[in-house]
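# Secondary and tertiary structure notes
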Amino acid sequence: MNKLILGRYFPGDSWIHQLDPRSKLLACIYFIFVLFLANNWQTYALLWIFTLVVMYLSGVSFKTYLRGVRPLIWLILFTVFLQVLFTSGGTIYVDWGPITISEFGITNGIYIFCRFVMIVFVSTVVTLTTKPIDLTDGINSLLRPLRALKVPVDEFALMLSISLRFIPNLLDETQKVMDAQAARGTEFGEGSLVKQMKTLVPIFLPLFVSSLNRAEELANAMEVRGYQSGEKRSTFRRLTWQKRDTLCLLFMLALTAGLAFLRADGSILH
Amino acid sequence: MAMEVIFDNVSADYQLGPIRSPLVLHSVDVTIKSGSYTAVVGYTGAGKSSFLKAMNGLLLPKEGQISIGTSVIKPDKNKKALKSIRKRVGMVFQFPESQLFAETVEKDICFGPINFGVPKTEAKEIAKQVLEQVGLQQDILKKSPFSLSGGQKRRVAIAGILAIKPDILVLDEPGAGLDPNGRKEIMDLISSWHRDRGMTTVLVTHDMEDVVTYADRVIVMEKGQVVLHDDVEKVFSNHEQLEKWHLDVPDARRFQLNFEKKTGILLPKVCLTIDDLADAFIEVGLA
């Protein structure tokens, strides 16, 4: 329960902490796109340098980032495995009918692995250095143009901040219910898979019940204080775009240029 | 069979990955006698709940050991041994109704016994018995626990613990959030099980009236330490200690003190409950 790094905030005042959440989000999304420009070892090396520098700048220890990757490692390895087995081309090392292990397969596997890990690292940088509430404000602000298309952006942002707000409560409550059921003789993480699945029912059911109750209480509390959806409202926290945010985006463009230059066939359009 | 609980120099903390919390229990040395009714009082965050959890193996000691009868909880205790301890120490958490989950009351009450290896038919028999013990009607067995009233849910949840047939009953504010009547009924029920079965009972409470009405021993906790452990009468007749630990005085005792101050008539004994007070008045010929 406590090993979850995703969505946790590490207080600090590094250069990255001080960036506007909007520029961080944009840069992160942009990074995930430009990742796909990389197609040889030079470009991957450049991306790795970028990722490591960003991680260093965030002022959070590398160990923390590694812990963030750990829960996803099986998913990553599985994808890599598929790539290795089902990509053909180059020298073939093993050949079992449709399944081959080839030179291309192995390099592709390594590339996919790097891509995955870098995406996790960079997005972890964003969530570790941005308060959840700032993140929601950032998302709200970035999605604002969609209002013209009648997308309920503010409601969406509110939903997001409410869910983030209640994650700690939910974890607390999970611990309490687990303790209570353990006191009634439930053993967690023991026995067959079916048996383990069965131990989840006495945990999730009380959690569902209390979550629904809490949702109703919250809705009532908001209503008595005059909350109306679709109303125009001002915000308490103002986001300010600073020089360093522009710098950050320029830096991303420079990265793109570097990638385009180092790419195998030299052109961005494949 | 009731049994003794011995805390031998127990320290404990909660571990969050590499981060360790400050000690929640700090060299606790306490012996809770077999068949006693002990009230644990102290401020929020004084370590009362951790103290209870330690008795059940839900919080393992970092140092020291806890003996429950013949079983011992040590820092490196394995899971199998904990299960037998959990069967002996029935734990009623704060707001226990939040642990109800099954589709019928019967299944929920049977959950504990079945986990501890009681056959299904026997568990159902036990469910009927304990339901009666908590003062509920049998027809409730087939109902969904979620359709009951707050007080009924609380009783069903407590019945779920009693069904395990523990030797020691540990309760964390069992009356919290109930109306005064429901509260008194629950407290009276606990008291009667304690008397009839000689069940060792440990109760965490904030209410001094509960302490003086039901308990015979008091443990005062502060900052993870047991600072006082004595008979109820002794604790409440000792002014210095009450002030030192900022303990509330029960209504009857406060009345007695005011009365003695204003009239100059001294009552023959320390009165902690209304009944004591009435007896004392009769004795000095005022009533």
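One numbering rule holds for all chains: residues counted from 1, following each sequence as written. Note on labels: chains are lettered from A, ligands numbered from 1, in written order. Where local features are concerned, this predicted model is filtered to residues with pLDDT of at least 70; where side-chain atom pairs are given and counted, the filter is 80 or more; whole-chain, interface and lining totals use all residues. Side-chain measures here rest on the full set of heavy atoms in the structure, leaving out hydrogens and waters.

### Remarks on the overall build of chain A
A run of H or I in DSSP becomes a helix once it reaches four residues, and a run of E becomes a strand once it reaches two; helices and strands are each numbered from the N terminus. A count of helical and extended segments in chain A gives ten helices and two strands. Walking chain A from its N terminus toward its C terminus, one meets helices and strands in the order α-α-α-α-β-β-α-α-α-α-α-α. Radius of gyration means the value over C-alpha atoms here, while the globule rule gives 2.2 Å times the residue count to the 0.38 power. Taken over C-alpha atoms, the radius of gyration comes to 23 Å for chain A, far larger than the 18 Å a tight globule of 270 residues would show. The principal-axis extents of the C-alpha atoms in chain A amount to approximately 65 × 55 × 40 Å. Burial here depends on accessible area, computed with a 1.4 Å probe over protein chains only, as a share of the maximum for the residue type. Under 20% is buried, over 50% is exposed, and the range in between is partly exposed. Taken across its 270 residues, chain A has 34% of its residues classed as buried.

### Examining the state of the cysteines
What counts as a disulfide here is a pair of cysteine sulfur atoms lying within 2.5 Å. If you walk through the whole model with that rule in mind, you get zero disulfides over all chains. Looking at Cys-28 of chain A, it has no disulfide partner, and the nearest cysteine sulfur is the one in Cys-248 of chain A, 10 Å off.

### Re the sheet that holds strand E1 (residues 5-12) of chain B
Residue and element names in this part refer to chain B. Strands pair, by our definition, only if DSSP identifies at least two bridges between them. Spatially, the four strands line up as an open sheet ordered E4-E1-E6-E7, and their pairing is antiparallel. Strands with a single pairing partner mark the edges of an open sheet, and in this sheet they are strand E4 (25-32) and strand E7 (71-73). Ignoring which end each strand starts from, the neighbouring axes of this sheet average 20° apart. Note: E1 against E4, five bridges, orientation antiparallel. Along E4, the bridge assignment pairs Ala-12 with Leu-25. Contact between two residues is taken to exist if any of their heavy atoms lie within 4.5 Å; hydrogens are not considered. As a rule, the C-alpha atoms of each element are fitted with a line to give its axis, helices using only the stretch in contact, and angles between N-to-C directions run from 0 to 180 degrees. On the sheet, helix H1 (residues 48-55) packs against E1, E4, strand E6 (63-68) and E7 and is oriented at approximately 60° with respect to E4.

### Observations regarding the nonpolar core
One broad trend across soluble globular proteins is that nonpolar side chains are buried collectively. Counting residues in hydrophobic clusters, the biggest one holds 51 residues, and the most contacted among them are Ile-109, Trp-193 and Phe-236 of chain B. Looking at this core, the element that brings in the most residues is helix H5 (residues 150-162) of chain B, giving six residues. In this description, a nonpolar core means a group of buried Ala, Val, Leu, Ile, Met, Phe, Trp, Tyr and Cys residues linked to one another through side-chain atoms lying within 4.5 Å.

### Examining the pattern of salt bridges
Each salt bridge in this description consists of a side-chain nitrogen of Lys or Arg and a carboxyl oxygen of Asp or Glu lying within 4 Å of one another. Taken as a whole, this structure holds 18 salt bridges over all chains when the rule is applied. Between Arg-214 of chain A and Glu-173 of chain A there is a salt bridge whose closest N-O contact spans 3.2 Å. With a gap of 41 residues between them, Arg-214 of chain A in helix H9 (residues 201-224) and Glu-173 of chain A in helix H7 (residues 153-183) connect regions that are remote in the sequence. Each member of the pair, Arg-214 of chain A together with Glu-173 of chain A, is buried. A salt bridge links Glu-185 of chain B to Arg-155 of chain B; its shortest N-O distance comes to 2.3 Å. Here Arg-155 of chain B lies in helix H5 and Glu-185 of chain B lies in helix H6 (residues 180-197), a separation of 30 residues in the sequence. Several salt bridges share partner residues, and in doing so they unite Arg-183, Asp-207 and Asp-210 of chain B into one network.

### Regarding the interface of chain B and chain A
Put simply, an interface is often sized by how much accessible area is lost when its parts join up. At the junction of the two partners, chain B supplies 25 residues and chain A supplies 19 residues. The buried area of a pairing is the accessible area, by a 1.4 Å probe, that goes missing from both parts when the two are put together, added over both. Summed over both partners, the interface of chain B with chain A buries about 1,800 Å², with 57% contributed by carbon and sulfur atoms. At the junction of chain B with chain A, the criterion picks out three salt bridges. In this structure, the salt-bridge partner of Lys-83 of chain B is Glu-187 of chain A, at a minimum N-O distance of 3.0 Å. Distance and chemistry together define a polar contact, namely a pair of N or O atoms within 3.5 Å, with one atom able to donate a hydrogen and the other to accept it when in protein, and with adjacent residues in sequence counting only for side-chain atoms on both sides. The interface formed by chain B and chain A holds six residue pairs in polar contact (both at pLDDT 80 or more) in total.

### So, the domain arrangement of chain B
Residue and element names in this part refer to chain B. Along its sequence, chain B is carved into domain 1 (5-246) and domain 2 (250-287). One C-alpha centre belongs to domain 1, the other to domain 2, and the line joining them spans 33 Å. Carbon and sulfur atoms make up 70% of the area that domain 1 and domain 2 hide from each other, which totals about 620 Å². It is Glu-209, Val-212 and Phe-236 in domain 1 that bury the most area against domain 2; as a group they hold 57% of the surface buried on that side. Counting every contact that joins domain 1 to domain 2 gives zero salt bridges. Counting across the domain 1 and domain 2 interface gives one residue pair in polar contact (both at pLDDT 80 or more). Note: domain ranges come from an automatic or database domain assignment.

### Here's the deal with the pairing of E1 of chain B
Bridging between E1 of chain B and E6 of chain B involves five bridges; their strand directions are antiparallel. Across the sheet, residue Val-5 of chain B finds its bridge partner in E6 of chain B, namely Ile-68 of chain B.

### What to know about the confidence of the model for chain A
Per-residue confidence for chain A gives a mean pLDDT of 86; residues scoring 70 or more make up 96%. Predictor confidence is given residue by residue as pLDDT, running from a minimum of 0 to a maximum of 100. Mean pLDDT across the elements of chain A bottoms out in strand E1 (residues 92-96) of chain A (78) and peaks in helix H1 (residues 21-34) of chain A (94).

### Some remarks on the domain arrangement of chain A
When the domains of chain A are assigned, the result is domain 1 (21-132 + 240-262) and domain 2 (153-224). A C-alpha centroid distance of 33 Å is found between domain 1 of chain A and domain 2 of chain A.

### Description of the side chain of Arg-154 of chain B
Residues and elements named next belong to chain B. Position of Arg-154 among the secondary structure elements: in helix H5. The buried category is assigned to Arg-154, whose relative accessible area is 1%. What Arg-154 contacts, discounting residues up to four positions off in sequence, is Phe-95, Pro-96, Glu-97, Glu-173, Pro-174, Gly-175, Ala-176, Leu-178 and Ile-186.

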